[in-house]
Protein chains: 2
Amino acid sequence: MQRIKLIIAYDGTDFCGWQLQPNLRTVQGELEKSIARVTGSPVRVHGSGRTDSGVHALGQIAHFDVEDRFASVLWQRALNSLLPDDVTVLQAIPVSSDFHSRYNAVHKTYTYTLWLENNFFLPWRRHYVWKCGPLDFEAIDKGMQYFLGEHDFSSFQNTGTLIKSTVRTIHDFKRYPGQNAQEMVLEICGSGFLKQMVRNITGCLVTIGRGKAKPESVRSLLQMKDRTAAPATAPAQGLCMAGVYYGDEGCGGTDTGRNQSQDSGVGEQI
Amino acid sequence: MQRIKLIIAYDGTDFCGWQLQPNLRTVQGELEKSIARVTGSPVRVHGSGRTDSGVHALGQIAHFDVEDRFASVLWQRALNSLLPDDVTVLQAIPVSSDFHSRYNAVHKTYTYTLWLENNFFLPWRRHYVWKCGPLDFEAIDKGMQYFLGEHDFSSFQNTGTLIKSTVRTIHDFKRYPGQNAQEMVLEICGSGFLKQMVRNITGCLVTIGRGKAKPESVRSLLQMKDRTAAPATAPAQGLCMAGVYYGDEGCGGTDTGRNQSQDSGVGEQI
């Protein structure tokens, strides 16, 4: 058997999320269908993690196993000729069988893009940003600091998944201007993320940026371990899984993310 | 009566083009509906020109008339609060009643964006580029020169519109890198454009860039005045109406287009 690692980008708008579901269009489903068209038999694709409906990816990682006779297939070319336009393979790399996209992941980076202008909107950004209007980024910067380090993120976890621990570590949390002057990107790197945790953290920070909560409220929200105490979840479309890191790779947030992008010839984040 | 001039951006993906059509979703239709919600009575919106289904705009110009009591309405804010997310008013300006968005237009600029990479694709660009793969831009540059100046563009006009003359003047035709490293933008400025003329010119240039026709073939195609002699029409989604210019404004292509963008706070072309 040969294991193949994929770096995948997708536009989540028309997908019911990553994970395979009967009779629904999912990214995993489209990948498995395309791989099976090459090998002639069903294949299971393992992703580094799920994304919800409407959430995008620039650096989702997945792997699958094929018989040795398919090891020499040019998988990037083969899959990109079969996949629909809203999912693309940025790289396909033969790896050893002890690589596992989910179990070996050390860090993950997500970006969330906010639209800050009230007077107008660029229509082609509607599936990729949250229209927030003006925000107080001095307050948001302060709020972001409280998320750094190891915390129990129960207050920022939506229910619906069985997990052993709600403790996660945020290694890095930064913000930078987006591709348009009216946009700001929040980029968070952590050991892992609970269900809708990035969207819940973003919802909390936007509430702070609107002056409806104090930056210090993050500390008490973390201590309360109660989802109902925290502000509402940010909408899906602003979120993008930017990168997944393995082994010795640093977290590095933007830098690592951008280096990875350059490797695959991609000059842009969403 | 007060005449209002609008600068409008839209994402053409989910519209059946600009022009009002019964039971179809059109940009003109959405604008008229929103204006009528403010004034309480039907309003006619006049655009500088039509765009086809799937074609975008960053600088479409339109005008409409309202009774004097609506002259003080903050039209940009009012319309943007009523319009759907895929159309936005970048500016709304009270103008004198001798301004006409179509009859007064002196130049128009369109951009067409090509995707040049065969191995992968950025999924969120699927509605805004034509996936061409690698092209010979030295040949395309030569071909572009033949379009400059005054010509009978019958060979580059699709049928379906009654017009007096098929003679148009191309003032400027340039290309520059797009928002991603894998993209190239063609920008054409002219006195006016026949039906699908920009898409037909682009289709011809891509054929030249693929080595399937010589740059010099443009000259003979113009002379033949026969649409069936020229290559196929480029797809709608790569095209964007970038700007419309009136009176003393120069053509200026990119510069004019970008200045206009900056005026309205927009830092990006599609």
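Residues numbered from 1 in each chain as written. Chains lettered and ligands numbered in written order. Predicted model: local features only at pLDDT ≥ 70, side-chain atom pairs only at ≥ 80, totals over all residues. Heavy atoms only, no water.

1. Observations regarding the overall build of chain A
- Helix and strand counts for chain A stand at six helices and 10 strands.
- Its C-alpha radius of gyration of 19 Å places chain A within 12% of the 18 Å reference for a compact globule of 270 residues.
- Along the three orthogonal principal directions, the C-alpha set of chain A runs to about 60 × 45 × 35 Å.
- Counting across all 270 residues of chain A, residues that qualify as buried make up 58%. (Helix = DSSP H or I, 4+ residues; strand = E, 2+ residues; numbered from the N terminus. Rg over C-alpha atoms; globule rule 2.2 N^0.38 Å. Buried < 20%, exposed > 50% of the residue type's maximum accessible area, 1.4 Å probe, protein only.)

2. Observations regarding the packing of aromatic side chains
- Applying the stated criterion to the full structure yields 20 aromatic pairs over all chains.
- Relative to A:Phe15, the ring of A:Tyr10 lies with its centre 6.5 Å away and its plane at 75°, an arrangement referred to as edge-to-face.
- When the centroid spacing of 6.2 Å and the interplanar angle of 80° are considered together, the rings of A:Trp115 and A:Phe120 count as edge-to-face. Neither A:Trp115 nor A:Phe120 differs from the other in exposure class; each is buried.
- Following the ring pairs from residue to residue traces out a cluster consisting of A:Tyr10, A:Phe15 and A:Trp18.
- Positioned over the ring face of B:Phe121 is B:Lys131, at 4.6 Å from the centre of the ring. (Phe/Tyr/Trp six-rings, centres within 6.5 Å; stacked < 30°, edge-to-face > 60°. Lys NZ or Arg CZ within 6 Å of the ring centre and 35° of its normal.)

3. Some details on the confidence of the model for chain A
Residue and element names in this part refer to chain A.
- Looking at chain A, pLDDT values average 91 and 91% of them are 70 or higher.
- Note on residues 253-270: pLDDT under 50 across the span, and 52 contacts to partners over four residues away in sequence or across chains.
- Reported for the predicted complex are a pTM of 0.89 and an ipTM of 0.85. (pLDDT = per-residue confidence, 0-100. Contact = heavy atoms within 4.5 Å.)

4. Comments concerning the packing of helix H3 (residues 137-145) of chain A against helix H4 (residues 197-209) of chain A
Residues and elements named next belong to chain A.
- H4 packs onto H3 with a crossing angle of 140° between their chain directions and a minimal axis gap of 8 Å. Helix-helix and strand crossings are classified by hand; for H3 and H4 the assignment is right-handed. Contacts between H3 and H4 involve Ala139, Ile140, Gly143 and Met144 from the former and Leu205, Ile208 and Gly209 from the latter.
- Considered class by class, the residues forming the contact of H3 with H4 number five nonpolar, two polar and no charged. (Axes fitted to C-alpha atoms, helices over the stretch in contact; angles between N-to-C directions. Left-handed = near helix turned anticlockwise from the far one by under 90°. Nonpolar A, V, L, I, M, F, W, Y, C, P; charged D, E, K, R; others polar.)

5. What to know about the relation of the copies chain A and chain B
- Aligned on chain B, chain A shows an RMSD of 0.0 Å; the corresponding rotation is 180° and the shift along the axis is 0.0 Å. The relationship between the two copies is best expressed as a two-fold rotation axis.
- Comparing contact sets, 100% of the residues at the interface of chain A also lie at the interface in chain B, consistent with an isologous, same-surface contact. (Least-squares fit on C-alpha atoms with pLDDT ≥ 70 in both.)

6. Structural notes on the domain arrangement of chain A
Residue and element names in this part refer to chain A.
- Looking at chain A, the domain boundaries give domain 1 (2-95) and domain 2 (105-247).
- If you average the C-alpha positions of domain 1 and of domain 2, the two centres end up 27 Å apart.
- Every contact between the two is made by 17 residues of domain 1 and, on the other side, 17 residues of domain 2.
- For the pair domain 1 and domain 2, the summed buried area comes to about 1200 Å², and 55% of that belongs to carbon and sulfur atoms.
- Seen at the junction of domain 1 and domain 2, the total is one salt bridge.
- Note that Arg199 and Asp52 form a salt bridge whose closest N and O atoms lie 3.2 Å from each other.
- Taken together, the links from domain 1 to domain 2 amount to 10 residue pairs in polar contact (both at pLDDT 80 or more). (Domains from an automatic or database assignment. Buried area = accessible area lost by both parts, 1.4 Å probe. Salt bridge = Lys/Arg side-chain N within 4 Å of Asp/Glu carboxyl O. Polar contact = N/O pair within 3.5 Å; in protein donor to acceptor, adjacent residues only side chain to side chain.)

7. Digging into the interface of chain A and chain B
- At the junction of the two partners, chain A supplies 33 residues and chain B supplies 33 residues.
- Inspection of the region where chain A meets chain B yields six salt bridges.
- Along the contact surface separating chain A from chain B lie 12 residue pairs in polar contact (both at pLDDT 80 or more).
- When residues of the side of chain A that touches chain B are traced back to their parent elements, those giving at least two are strand E1 (2-10), strand E3 (56-66), helix H2 (75-82) and strand E4 (87-95) of chain A.
- With four residues, E4(A) is the largest single contributor of residues to the side of chain A that touches chain B.
- In terms of residue class, the side of chain A that touches chain B is made up of 15 nonpolar, 10 polar and eight charged.

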